[in-house]
Amino acid sequence: YEMIEGVSVLPSFTVVREPFERLQRIISYELKRNDTCLCRSCIQSKIKIEDIKEESSFYNFIECYRRKNSFVNNWYRPQYEFISRKTKLWKYEWGLGNDFRWWIDKLFNVKLKDIDNVTNYFYECASLIRTKIDSVEKCDISFLKPYVEKYYNKDYELWESIEK
């Protein structure tokens, strides 16, 4: 975003998720949305969770999905690629309630609407997504954790560097 003229001088923030939790939510949502398939467009086949149990197949899936679908969404894109050194960071796991509102006000002098939970407000605004990602039951992808840690290693470094 900093390559766009005038943007680099603007203050910015983002909400970052723990990388494995983020991927687990995305995959769970994709499995529900696509009738047990992770992706229908990758290599013209229906990819199921059991198809990515090997390390190389996991990486191939992520890269294929990013090539075919990144124009629609950036779900599998590493979070660090969106962040500059000046971006202020908030962990999603800290919640989006009063502490988050206070943090935004303190950093940017912006008063968010006085609501119990900003998360609910964002969900109401996101009417294009029919199923809330966080309301989908998580599937067990613990077998992918070593691959996730390796593929998203810079996201883990970023995650560990964030302090409240």
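A quick note: this is a predicted structure, and the numbers were derived from the prediction, not measured.

**Student:** Tell me about the overall build of the protein chain, residues and numbers included.
**Tutor:** Of the regular secondary structure elements, the protein chain holds six helices and two strands. Written out in order from the N terminus, the α and β elements of the protein chain read β-α-α-β-α-α-α-α. A total accessible area of about 10700 Å² is found for the protein chain, and carbon and sulfur atoms account for 50% of it.

**Student:** Before we move on, could you go through the nonpolar core and cite the residues and values that matter?
**Tutor:** Ranked by internal contacts, the top residues of the largest apolar core, which has 23 residues, are L23, I27, F58, I62, Y76, L144 and V148. Elements represented by at least two residues in this core include exactly helix 1 (19-33), helix 2 (55-69) and helix 5 (145-151). Among the elements that take part in this core, helix 1 stands out by supplying six residues, more than any other. With residues up to four places along the chain from it excluded, the contact list for L23 reads F58, I62, Y76, I141, V148 and Y152.

Criteria and cut-off values
- Residues numbered from 1 in each chain as written.
- Predicted model: local features only at pLDDT ≥ 70, side-chain atom pairs only at ≥ 80, totals over all residues.
- Heavy atoms only, no water.
- Helix = DSSP H or I, 4+ residues; strand = E, 2+ residues; numbered from the N terminus.
- Areas by Shrake-Rupley, 256 points an atom, 1.4 Å probe, with all protein chains shown as cover.
- Core = buried A, V, L, I, M, F, W, Y, C linked by side-chain atoms within 4.5 Å.
- Buried < 20%, exposed > 50% of the residue type's maximum accessible area, 1.4 Å probe, protein only.
- Contact = heavy atoms within 4.5 Å.

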